[in-house]
Amino acid sequence: MRKRSGGGSRYLYEPFEAAARLETHERVTDERWRSLEKRLATIEAALERLEKRLWLAVYGVAAVVLARAAQTFFGIAGG
């Protein structure tokens, strides 16, 4: 290792701690990945709830249409 003689960057002379930086980077990456998975799980749950609501609306509309058709077919006076 060279001794520092005057000006210049300290990074040229000090040892580079790649292992410590790599470990820190891996921990940050793991935490970000866990956060991403948590957000995706939340989005998936919201989409499932939305899908249930949409199917409920479709079945509701179908029931109304079938009820009107049955009223017309059987000649029941509707409101």
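The rules behind these values
- Residues numbered from 1 in each chain as written.
- Predicted model: local features only at pLDDT ≥ 70, side-chain atom pairs only at ≥ 80, totals over all residues.
- Heavy atoms only, no water.
- Helix = DSSP H or I, 4+ residues; strand = E, 2+ residues; numbered from the N terminus.
- Expected span 1.5 Å × (residues − 1).
- Salt bridge = Lys/Arg side-chain N within 4 Å of Asp/Glu carboxyl O.
- Buried < 20%, exposed > 50% of the residue type's maximum accessible area, 1.4 Å probe, protein only.
- Phe/Tyr/Trp six-rings, centres within 6.5 Å; stacked < 30°, edge-to-face > 60°.
- Patch = residues over 30% accessible without salt bridge, like charges linked within 9 Å, V, L, I, M, F, W, Y side chains within 5 Å.
- Areas by Shrake-Rupley, 256 points an atom, 1.4 Å probe, with all protein chains shown as cover.

(A) Focus on helix α1 (residues 18-74). The terminal C-alpha atoms of α1 lie 82 Å apart, and with 57 residues this matches the ideal 84 Å at 1.5 Å per residue to within 8%. Phi turns positive, to about 75°, at Gly75, one or two residues after α1.

(B) Molecular detail of the pattern of salt bridges. Taken as a whole and assessed by the stated rule, the structure comprises 1 salt bridge. Here Arg34 ties to Glu31 by a salt bridge, and the two come within 2.7 Å at their closest N and O atoms. Placement of the pair is Arg34 and Glu31 together in helix α1, with a separation of 3 residues, close to one helical turn. By relative accessible area, which is 48% here, Arg34 ends up partly exposed. In this structure Glu31 comes out as partly exposed when scored by relative accessible area, which is 46%.

(C) Structural view of the packing of aromatic side chains. One pass over the structure, following the stated rule, counts 2 aromatic pairs. Seen in terms of ring centroids, Phe73 and Phe74 are 5.1 Å apart; in terms of plane orientation they differ by 75°. Their pairing is edge-to-face. Among the residues examined, Phe73 registers a relative accessible area of 67% and is labelled exposed.

(D) Representation of a nonpolar patch on the surface. Together, Trp33, Leu36, Leu40, Ile43, Leu47, Leu50 and Leu54 line one region of the surface with nonpolar side chains, adding up to about 690 Å² of accessible area. In this structure Trp33 comes out as exposed when scored by relative accessible area, which is 53%.

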